[in-house]
Amino acid sequence: MKITDVEVIVVRQNEVKMIGDGSQDTAVILVHTDEGITGIGEVDSSPEVVKAIVETPASHDQCRGLKEILVGENPLNIEYLWYKMYHYSYYYTRRSVGIHAMSGIDIALWDIAGKKMGVPVSMLIGGRFREKIPAYCSVLMPGTKEEIDELVAHHKADCNYNGYKFGWGALGESEEKDIELVEYCRQAVGENTRLMIDIGMRWTDYKYALRVSKEYEKQKIYWLEEPFAPDRTEDFGRLGDNISISLASGEEFGTMYEFKEMLDHGSVDIVQPDMSRCGGITMAKKIADMAQLRGKKLIPHAFKTGILMGATLQLIAAIPNADMLEYCAQETVLSKQLVKNHFQLDSDGYVHIPTAPGIGVELNMDVLDTYRR
Ligand SMILES: [Mg+2]
């Protein structure tokens, strides 16, 4: 089997709002082969930049576009191809969006392998620890008590989620408001529901972070996510060492090198690679092992479409240290409709992990064609 083409389709809803919602657009990756099997992937990054990285012509031997590195290769040589992409695009792709583009391709290659062998990807990366996973509802933080109550009531009526995470939005404006909003969230979700808070990297002052986190301890927060920008490793370390709440981070990181730095020095308890940014399924599995080695949970970041959710579920099936699934509850057309039969929760708030070959998703071509740019 040979790769014949790597296609990047930019998909975007009609109007993009300046809010922390990554499900308003996406870069869909299709890796085509000479056997008629097409692998599906997705990248949570800037879609047009991803497309350029895939399609760019070579400048010299260490600076080549990802498509020309891959065409003609056997798509089943997945890890070899990961390192080949990394090596021959080294000038511009050691970190950040180059790794993002590689991630979407890597997901598509695993999808091809599963389809070729007639098994879900989880069976190719170690087998299945579980058939279902509890899902938590991931939403943006509203600005008032009334909006928080309304949002929780809406989602409680919809699904029996195993926890709620409020992130970004109105957080980070002031110390008083950060404390107040989380009190409202606890009241809205109730005493016995897992509550997670994602500061969205908005805190800049360590002592501010320490004071507010101490207040959050009273609300029994299950984890506190990205209080600081990801490069503030030392502040992650000292905050993690001085509060009893678990710290979570990782969605901005790519490659095992960045995760090693975070795990060795960042005092992070919950590791959150985004499979469409960290280096794909190949790298996420290594990161899961690195977390397992240190006794940490791995709960991937996934705030995009059903493609990323499908890939994420295959990893979750195959690792011992999974705990919950981030369920993007933003109701955008792409988050809910880009794949057919978008994942639904069962009555206990679990999502069942697909057993179909590959990552187990089928694109809704009508939605793809309507929103492609
Ligand atoms: Mg986050």
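Residues numbered from 1 in each chain as written. Predicted model: local features only at pLDDT ≥ 70, side-chain atom pairs only at ≥ 80, totals over all residues.

**Topic: the overall build of the protein chain**
Helices and strands together make up the secondary structure of the protein chain, namely 14 helices and 12 strands. A globule of 373 residues ought to have a C-alpha radius of gyration of about 21 Å, and the protein chain, at 20 Å, matches this closely. Taking the principal axes of the C-alpha coordinates as reference, the protein chain spans close to 60 × 40 × 40 Å. When burial is assessed residue by residue, the protein chain has 50% of its 373 residues classed as buried. Taking the intrachain contacts of the protein chain between residues at least 6 apart in sequence as the baseline, contacts between residues at least 24 apart amount to 76%. (Helix = DSSP H or I, 4+ residues; strand = E, 2+ residues; numbered from the N terminus. Rg over C-alpha atoms; globule rule 2.2 N^0.38 Å. Buried ≥ 20, exposed ≤ 12 C-beta atoms within 10 Å, placed from the backbone. Contact = placed C-beta atoms within 7 Å.)

**Let's talk about the pairing of strand 11 (residues 325-328)**
The side-chain alternation of strand 11 yields two buried faces, one formed by Leu-325 and Tyr-327 and the other by Glu-326 and Cys-328. By the bridge criterion, 4 bridges tie strand 4 (residues 132-140) to strand 11 in an arrangement that is parallel. The partner of Cys-137 across the bridge, within strand 11, is Tyr-327. (Pairing = 2+ DSSP bridges.)

**Some words on the nonpolar core**
Core analysis: the largest hydrophobic core is formed by 113 residues, its most contacted members being Leu-66, Ile-105, Ala-135, Ile-281, Leu-315 and Ile-316. Among the elements that take part in this core, helix 5 (residues 97-117) stands out by supplying 10 residues, more than any other. When residues of this core are sorted by domain, at least three fall in each of domain 1 (3-119) and domain 2 (124-359). Setting aside residues no more than four positions away along its own chain, Ile-105 makes contact with Val-6, Ile-29, Val-31, Gly-41 and Leu-66. (Core = buried A, V, L, I, M, F, W, Y, C linked by C-beta atoms within 7 Å. Domains from an automatic or database assignment.)

**A look at helix 3 (residues 78-88)**
Buried residues of helix 3: Leu-81, Trp-82, Met-85 and Tyr-88, and no others. The buried residues of helix 3 occupy an angular sector of 155° when projected down its axis, which confines them to one face. Counted as exposed and oriented over 90 degrees from the buried face of helix 3: Tyr-80 and Tyr-83. (Arc of directions from axis to C-beta.)

**A short note on helix 10 (residues 255-265)**
Those residues of helix 10 lying buried are Glu-258, Phe-259 and Met-262. All buried residues of helix 10 project into a common sector of 95° when viewed along the axis, lining one side. Among the exposed residues of helix 10, those pointing more than 90 degrees away from its buried face are Tyr-257, Asp-264 and His-265. Looking at the packing, one finds that the buried side of helix 10 touches helix 9 (233-242), strand 8 (246-249), strand 9 (270-271) and helix 11 (280-293). Of the residues one or two after helix 10, Ser-267 is the one with positive phi, at around 50°.

**Topic: unusual backbone geometry**
Although it is not a glycine, Thr-255 sits at a positive phi angle of roughly 75°. Considering the arrangement of structural elements, one finds Thr-255 in helix 10. Non-glycine residue Ser-267 carries a positive phi angle of around 50°. Structurally, the position occupied by Ser-267 is in the loop between helix 10 and strand 9. By C-beta crowding, Ser-267 is classed as buried, having 21 other C-beta atoms within 10 Å.

**Some details on the sheet that holds strand 3 (residues 38-43)**
Within the open sheet, the 3 strands sit side by side as 1-2-3. Their pairing is antiparallel. The sheet terminates laterally at strand 1 (3-12) and strand 3, the two strands that pair on one side only. Here the average twist between neighbouring strands, direction ignored, is 20°. Pairing geometry for strand 2 (residues 25-33) and strand 3, over 6 bridges, is antiparallel. By the bridge assignment, Ile-29 is partnered in strand 3 with Gly-41. Each of strand 1, strand 2 and strand 3 is contacted by helix 5, which is oriented at about 150° to strand 3, the strand it contacts most. (Axes fitted to C-alpha atoms, helices over the stretch in contact; angles between N-to-C directions.)

**Brief notes about the domain arrangement of the protein chain**
Many descriptions give the size of an interface as the accessible area lost when the pieces come together. Split into domains, the protein chain comes out as domain 1 (3-119) and domain 2 (124-359). Elements that contribute at least two residues to the side of domain 1 that touches domain 2 include exactly strand 2, strand 3, helix 3 and helix 5. Residues belonging to the side of domain 1 that touches domain 2 are distributed by class as follows: 13 nonpolar, 14 polar and 8 charged. (Nonpolar A, V, L, I, M, F, W, Y, C, P; charged D, E, K, R; others polar.)

**Considering the packing of helix 11 against helix 12 (residues 306-317)**
Where helix 11 contacts helix 12, the two axes come as close as 11 Å, and the packing angle between them is 35°. Considering only the axes of helix 11 and helix 12, their crossing is right-handed. Taken together, the residues of helix 12 that come into contact with helix 11 (itself represented by Ile-281, Ala-284, Lys-285 and Ala-288) are Ala-311, Gln-314 and Leu-315. Within the contact of helix 11 with helix 12, the residues separate by chemical class into 5 nonpolar, 1 polar and 1 charged. (Left-handed = near helix turned anticlockwise from the far one by under 90°.)

**Details of the environment of Met-102**
The residue Met-102 is located in helix 5 in this model. In this structure Met-102 comes out as buried when scored by C-beta crowding, with 31 C-beta atoms within 10 Å. Along the sequence, Met-102 and Ser-249 sit 147 residues apart, while their C-alpha atoms lie 21 Å from each other. Once residues lying within four places of it in the same chain are set aside, the contact partners of Met-102 are Leu-66, Trp-82, Met-85, Tyr-86, Thr-93, Gly-279 and Gly-280.

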